[in-house]
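In case you want the letters, here they are:
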Amino acid sequence: MNVAGLPGPADDEIEVSLFGPGKGESCVVHLGDGDWMIVDSCTSQRRGGNSALVYLQGLGVDVGSQVKLIVATHAHDDHISGLADIVEACGSAEVVLPAAASLEEFFTLLEVDEHAEEYLRVSAYSQYRRVFDILERRAVGTLPGFTRAIADRVLWRRNIGLRAEVHALAPSDEAVTQSLDEFAELLQLDGRPRGQVSNKDPNTFSVALWVVVGDDRILLGGDLYSGPGPDCGWNAIVTSTTRPPGRASVYKVAHHGSKTSHHPGIWNDLLDPDPVAILAPFRGSKSPPPTPADEHVLRGHSSRVFLTASSSASQPSSVRRVAANLGHVATNVREVGGIPGHIRARKTPLETEWSVELVRPARAL
Amino acid sequence: MANTSTSLSFDGGQSPVVPVEAESRDKLKYKSVERFLARRVFSPDGVEWTRTRLGSTTMTGRVALRPSDIQRAARSVTGAAAGQPRATDNSGTQVLQRWEGIVREVHGSYFEALLTPMSDGSPEVIADVSLDAVGDSDVELVRPGATFYLQAGRARLRTGMTVAYSSVIMRRLGNWYQEDLDLLRERGAKRRSKFEFR
């Protein structure tokens, strides 16, 4: 199925579209009344372009005015590749970053990363720097800025027409504190060899979102871990007494379905029975999630689990050529991402079930 | 079944090759002092060599041989084993591809790296690179965030055989100094002061 020329959702129709795994993953949500939100970013090495922008523009959405919210769940280039292009194109959208991105240590980390980029060809946080550059350029007569996502904060609300809200469920206060420690540790560089700023995953401060449109709720799990500890990650959300009430009927499974994000409380306390669960696999590691064991867990919670692609895929000829050249020195040569699949779930207020469409290589589990 | 294979040592292209030890049934090992080759392994499906040193660079490689090449190599080995001289110089090299690599994770015998092509439009890839490809003096540099250059190419031997080679060169970029970090911290704070956080 080609998305080009497809009709957009009706004003009262909610849509959750998930793209991945290209370089990164991206979730696009129709919040009703022509308002959209983009969470994270996904680009395709093979096809080029930004999946969310290509899709929305294919639907005829004026991204410059209709995208209201752009959320970067966490700071890695391999999750937010192309984020700056989205911010550039969606000129009226509010940019939401994890609260930890406002810390002084994070800004120092960006500078260290930029310094390293002068002699390296790649960097860990170039997208963030580009986003900050765009925000600075765009702010005329005012301070550039962004909205900090932290638990229990309402990030966006529409009171006129179809009621819609976007809440941050994570990161928790404790997660932000721990992020501070992580940044400080990353900056313990005196006397150490120069190189790329370590991009060990700061999933501790990943954003998770709770979206309410009319009577429907959607849980977008970002890359949030179960913990660490009782006051971080899903542990903190599940036990929270201040999170928004109700249960969600669609769940963007956290952290590619990895066991690091399995938490029974998600399914028991936050979701309807047998929800629609969607996820994009991760192809960067040797045992990419979801593993068969992860899939078994997911199937135990829902009969409607959909993946944007398989965890493993045959490599394109361009990668096989590289593998042939590397054959004597490297093994397991794999593409960064791949052709992103697309899962699209839509529902009108009058319908009781979500209608799910899949664009290859997306598949049902 | 009798062990019929033999390990042989080359002494450049000038001296006869001398068997040094018996190995597995279907492999013959050689030590070469060619420019790029330190050790080669002849096997039924081709020839490979490992752990070759050029200056501070360690190279590894595998030769892909056609059946006729294998037969020729086998004849060459037979001749070498008999003490006959054999030419082993390579007459030129061709770089096929270069990458800049960043170490993502280090495992027991290999490290996972992101490889960004430097020379053409081929894709960025992730690969597991053998630590054997890294020189002994560079192994300590292999850690997450470390960068290196990786080069793959072909070398043509005087015998007419084309062999593949690759090199991993860990980059030594010097150390961070507190003065650098203080300056960067100051720049970060200055930029942050321009922003409003809602």
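Located above this text is the structure these notes cover.
As a starting point, this report considers the structure included with it. (Residues numbered from 1 in each chain as written. Chains lettered and ligands numbered in written order. Predicted model: local features only at pLDDT ≥ 70, side-chain atom pairs only at ≥ 80, totals over all residues. Heavy atoms only, no water.)

**A word on the overall build of chain B**
Across its full length, chain B carries two helices and 12 strands. When its helices and strands are written in sequence order, chain B yields β-β-β-β-β-β-α-β-β-β-β-β-α-β. In chain B, which comprises 198 residues, the share counted as buried stands at 47%. Sequence-distant contacts, at least 24 apart, represent 44% of the contacts inside chain B between residues at least 6 apart. When the accessible surface of chain B is split by element, carbon and sulfur atoms take 49% of a total near 9,600 Å². (Helix = DSSP H or I, 4+ residues; strand = E, 2+ residues; numbered from the N terminus. Buried < 20%, exposed > 50% of the residue type's maximum accessible area, 1.4 Å probe, protein only. Contact = heavy atoms within 4.5 Å. Areas by Shrake-Rupley, 256 points an atom, 1.4 Å probe, with all protein chains shown as cover.)

**Structural notes on the packing of aromatic side chains**
For the structure shown, the criterion picks out 15 aromatic pairs over all chains. One aromatic cluster is present, built from ring pairs that chain together F106, F107, Y128, F132, F146 and F183 of chain A together with F195 and F197 of chain B. (Phe/Tyr/Trp six-rings, centres within 6.5 Å; stacked < 30°, edge-to-face > 60°.)

**Details of the sheet that holds strand β13 (residues 304–307) of chain A**
All names here are of chain A. Reading across the sheet, the eight strands line up as β7-β8-β9-β10-β11-β12-β13-β17 and stay open at both edges, with mixed pairing between neighbours. Of all strands in the sheet, those with a lone pairing partner are β7 (153–158) and β17 (363–364), marking the two edges. With six bridges joining them, strand β8 (residues 164–170) and strand β9 (residues 208–213) adopt antiparallel strand pairing. Paired with A168 across the bridge in β9 is L209. Set on the sheet, helix α10 (residues 292–301) makes contact with β12 (271–279), β13 and β17; between it and β12 the angle comes to about 145 degrees. (Pairing = 2+ DSSP bridges. Axes fitted to C-alpha atoms, helices over the stretch in contact; angles between N-to-C directions.)

**Focus on the sheet that holds strand β6 (residues 145–149) of chain A**
The mixed open sheet is built from nine strands, whose spatial order is β16(A)-β15(A)-β1(A)-β2(A)-β3(A)-β4(A)-β5(A)-β6(A)-β12(B). Only two strands of the sheet have a single neighbouring strand rather than two, namely β16 (355–359) of chain A together with β12 (196–197) of chain B. Examined bridge by bridge, strand β1 (residues 14–22) of chain A and strand β2 (residues 24–30) of chain A share six bridges and lie antiparallel to one another. Counted as the bridge partner of G22 of chain A is G24 of chain A from β2 of chain A. Strands β5 (94–98) and β6 of chain A of the sheet are contacted by helix α6 (residues 126–138) of chain A, whose axis makes an angle of about 145 degrees with β5 of chain A.

**Overview of the nonpolar core**
Residues and elements named next belong to chain A. The biggest cluster of nonpolar side chains holds 53 residues, and the ones touching the most others in it are L56, V67, C90, Y128, F132 and F146. Ignoring sequence-local partners within four residues, the contact set of L56 consists of V28, W36, I38, V61, V63 and V67. Counting residues in hydrophobic clusters, the runner-up holds 32 residues, among them M37, V213, I278 and I343. (Core = buried A, V, L, I, M, F, W, Y, C linked by side-chain atoms within 4.5 Å.)

**Brief notes about a nonpolar patch on the surface**
All names here are of chain B. A cluster of nonpolar residues, M118, Y149 and I169, forms a patch on the protein surface that exposes about 220 Å² of accessible area. Note that M118 resides in the loop between β8 (110–117) and β9 (125–130). Note on M118: relative accessible area 33%, which makes it partly exposed. (Patch = residues over 30% accessible without salt bridge, like charges linked within 9 Å, V, L, I, M, F, W, Y side chains within 5 Å. Salt bridge = Lys/Arg side-chain N within 4 Å of Asp/Glu carboxyl O.)

**Quick notes on the environment of D133 of chain A**
Residue placement: D133 of chain A occurs in helix α6. The spacing of D133 of chain A and L365 of chain A is 232 residues in sequence and 41 Å in space, taken between C-alpha atoms.

**Here we look at the interface of chain B and chain A**
Counting residues at the interface gives 57 residues for chain B and 56 residues for chain A. Roughly 5,400 Å² of surface becomes buried between chain B and chain A when both sides are summed, with 54% attributable to carbon and sulfur atoms. Summed over the three residues of chain B that lose the most area to chain A, namely W176, R191 and R198 of chain B, the buried surface amounts to 17% of that side. Taken together, the links from chain B to chain A amount to eight salt bridges. (Buried area = accessible area lost by both parts, 1.4 Å probe.)

**Regarding the pattern of salt bridges**
For side chains of opposite charge, pairing can occur when their charged atoms come near one another. Inspection of every chain in the model, using the stated rule, returns 25 salt bridges over all chains. In this structure, the salt-bridge partner of E15 of chain A is R346 of chain A, at a minimum N-O distance of 2.7 Å. Within this pair, whereas E15 of chain A is found in strand β1, its partner R346 of chain A is found in strand β15 (residues 341–347), the two being separated by 331 residues in sequence. Accessibility assignment for this pair places E15 of chain A and R346 of chain A in one class, buried. Residue E136 of chain A pairs with K194 of chain B through a salt bridge whose shortest N-O separation is 3.4 Å. Of this pair, E136 of chain A sits in helix α6 while K194 of chain B sits in the loop between α2 (178–193) and β12, which puts the two residues in different chains. The class for K194 of chain B is partly exposed, based on a relative accessible area of 39%. Within the structure, one salt-bridge network assembled from shared partners comprises D33, D35, K68 and R158 of chain A.

**Quick look at the side chain of R191 of chain B**
Of note, R191 of chain B is situated in helix α2. We classify R191 of chain B as buried; its relative accessible area is 11%.

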